[in-house]
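Residues per chain are reported as follows:
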Amino acid sequence: LAILISVGLGVGLSLTLFFAVSGWERTRLEAVFREQAEVRATAIRQRMIVSLEALSGVVALYTVSPQVDRQAVFVLARHIRAHYPEIDTIAWAPRMAGSEEWFPIDGAEPMAENPSLIGLDLSSDPARRLAMAHAWDSGELVTTGRIRLSQAAPDQFGIQAFVPVLRRGTAPDAARREDLLGLVTAVFRVGDLVKLSLIGLKPGLVDVLLADETAAPDERVLYQHQSHTPLPRTP
């Protein structure tokens, strides 16, 4: 009986220790996962902020003079896209006031791939017009929800950003419709943005989901990558 009690106690202690160690290991792995997830989320967030801020150079040119040399704009836009290849297109749409207000695209980069954009009224699309209205009312950069890209990138979604160009001397926090000269706009390939953000970070067994929580449920997903982790085989 003493031997049986001793063996049973030993097994009981071993099992208790095993489950305790398993719990500690699970906690450690969860902490590692949270850390790695935050690293990736921060990388994507920073890349998005920096690439959006890159548009400020084009805005500065038009703020100085809306009649700025178009060639200079194209040179700058090409330079920006070379450093931020997730940017699909950069365009300028001046505000045309009259009996009916409209915003025709006056120039786009790359022009060779977008000849049909010239003259296109950006405000003709309701979703884009809503984002444009928020941009000129606030004087700040505003993006749309997800949009379908051209045939050049049919496998990923995009978002479109609008940055208002205001008349010189107008404070952004006091933007008025009559002070709006036009809008600099850019289309971003979301899949490319995420992939460029994670360069240097091994994807490993991590699934990535980027979603717009303000959108309708069936339009929230902007990018999704599944690691396709195989289940371990039993011997």
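Please read these numbers as outputs of a predicted model, since none were measured by experiment.

Engineer: Outline the overall build of the protein, listing residues and values.
Structural biologist: If you tally the helices and strands in the protein, you get five helices and eight strands. When the helices and strands of the protein are placed in sequence order, the string is α-α-α-β-β-α-β-β-β-β-α-β-β. Scored against the burial criterion, the 235 residues of the protein give a buried share of 37%. Nonlocal contacts in the protein, meaning residues at least 24 apart in sequence, comprise 53% of its contacts between residues at least 6 apart. For the protein, the accessible surface area stands at approximately 14700 Å², while carbon and sulfur atoms represent 60% of it.

Engineer: Report on the pattern of salt bridges, specifying residues and quantitative values.
Structural biologist: Per the stated rule, a full pass over the model turns up six salt bridges. Here Arg 47 ties to Glu 86 by a salt bridge, and the two come within 2.8 Å at their closest N and O atoms. In this pair, Arg 47 is assigned in helix H1 (residues 2-53) and Glu 86 in the loop between helix H3 (70-83) and strand S1 (87-94), connecting sequence segments 39 residues apart. With a closest N to O distance of 3.6 Å, Glu 109 and Arg 78 form a salt bridge. Here Glu 109, found in strand S2 (residues 107-109), pairs with Arg 78, found in helix H3; they are 31 residues apart in sequence, far enough to count as distant.

Engineer: Mind laying out unusual backbone geometry, listing which residues take part and the relevant values?
Structural biologist: Geometrically, the link from Glu 109 to Pro 110 is a cis peptide bond, its omega value of 5° lying close to zero. If you trace the backbone, Pro 110 turns up in the loop between S2 and helix H4 (126-138).

Engineer: Give me the lowdown on the environment of Pro 104, citing residues and values where you can.
Structural biologist: Note on placement: Pro 104 falls in the loop between S1 and S2. A residue is classified by how much of its surface remains accessible, and Pro 104, at 10% relative accessible area, is buried. Look past the residues within four positions of Pro 104 in its chain and what remains in contact with it is Trp 92, Ala 93, Pro 94, Met 96, Gly 119, Leu 120 and Asp 121.

Engineer: Account for the nonpolar core, with residues named and values stated.
Structural biologist: Nonpolar side chains tend toward joint burial in soluble globular proteins. If you look at the biggest cluster of nonpolar residues, it comprises 32 residues, and the most contacted ones within it are Ile 90, Val 184, Phe 188 and Val 194. Apart from the residues lying within four places of it in its own chain, the contact partners of Val 184 are Val 58, Val 59, Tyr 62, Ile 90, Ala 91, Trp 92, Ala 161, Phe 162, Val 163 and Val 165. Counting 16 residues, the second largest nonpolar core, distinct from the first, contains Phe 103, Ala 131, Ala 135 and Trp 136.

Engineer: Could you give me a rundown of the pairing of S1, with the residues and numbers involved?
Structural biologist: Counted residue by residue, S1 has eight buried out of eight residues, so it is predominantly covered. Across seven bridges, S1 lies against strand S6 (residues 180-189) in antiparallel orientation. Note that in S6 the partner of Ile 87 across the bridge is Phe 188. In this structure, S1 lies alongside S2, joined through three bridges in antiparallel fashion. Bridging from a neighbouring strand, Ala 91 pairs with Ala 108 of S2.

Engineer: Give me the lowdown on helix H2 (residues 56-64), citing residues and values where you can.
Structural biologist: Given 3.6 residues per turn, any residue in an α-helix points the same way as the ones three and four places further on. Among the residues making up H2, those that are buried are Val 58, Val 59 and Tyr 62. Looking straight down H2, one finds its buried side chains confined to an arc of 100°; they lie on one side. On its buried face, H2 is in contact with H3, S1, strand S5 (157-166) and S6.

Engineer: Please set out H4 residue by residue, giving values where relevant.
Structural biologist: Here H4 spans 18 Å end to end across 13 residues, near enough to the 18 Å set by a 1.5 Å rise per residue. Those residues of H4 not exposed but buried are Ala 131, Met 132, Ala 133, Ala 135 and Trp 136. Where the residues of H4 are buried, they touch strand S3 (142-143), S5 and S6. At the exit of H4 stands Gly 139, carrying a positive phi of roughly 75°.

Engineer: So what about the packing of aromatic side chains? Which residues, and what values?
Structural biologist: Each aromatic ring pair is summarised here by two numbers: the centre-to-centre distance and the angle between the ring planes. Per the counting criterion, the structure on display carries two aromatic pairs. Measuring from centroid to centroid gives 3.9 Å for Tyr 62 and Trp 92, while their planes differ by 10°, and the two rings are stacked. On the criterion of sequence distance, the pair formed by Tyr 62 in helix H2 and Trp 92 in strand S1 is long-range, its members being 30 residues apart. Taken as a pair, Tyr 62 and Trp 92 share a single burial class, namely buried.

Engineer: Could you give me a rundown of the confidence of the model for the protein, with the residues and numbers involved?
Structural biologist: Residues at a pLDDT of 70 or more form 78% of the protein, whose mean pLDDT is 80. In this model residues 1-9 is a low-confidence stretch, pLDDT under 50, and it forms zero contacts with partners more than four residues away in sequence or in other chains.

Engineer: Can you lay out the packing of H2 against H3 for me, pointing to particular residues and giving the numbers?
Structural biologist: Two numbers describe how H2 lies on H3: the axes approach to 9 Å, and their chain directions differ by 165°. In terms of orientation, H2 lies roughly antiparallel with respect to H3. Note that H2 runs across H3; the crossing there is right-handed. For the pair H2 and H3, contact is made by Gly 57, Val 58, Leu 61 and Tyr 62 and by Ala 72, Val 73, Leu 76 and Ile 80, respectively.

About the cut-offs
- Residues numbered from 1 in each chain as written.
- Predicted model: local features only at pLDDT ≥ 70, side-chain atom pairs only at ≥ 80, totals over all residues.
- Heavy atoms only, no water.
- Helix = DSSP H or I, 4+ residues; strand = E, 2+ residues; numbered from the N terminus.
- Buried < 20%, exposed > 50% of the residue type's maximum accessible area, 1.4 Å probe, protein only.
- Contact = heavy atoms within 4.5 Å.
- Areas by Shrake-Rupley, 256 points an atom, 1.4 Å probe, with all protein chains shown as cover.
- Salt bridge = Lys/Arg side-chain N within 4 Å of Asp/Glu carboxyl O.
- Core = buried A, V, L, I, M, F, W, Y, C linked by side-chain atoms within 4.5 Å.
- Pairing = 2+ DSSP bridges.
- Arc of directions from axis to C-beta.
- Expected span 1.5 Å × (residues − 1).
- Phe/Tyr/Trp six-rings, centres within 6.5 Å; stacked < 30°, edge-to-face > 60°.
- pLDDT = per-residue confidence, 0-100.
- Axes fitted to C-alpha atoms, helices over the stretch in contact; angles between N-to-C directions.
- Parallel < 35°, antiparallel > 145°, perpendicular 65-115°, else oblique.
- Left-handed = near helix turned anticlockwise from the far one by under 90°.

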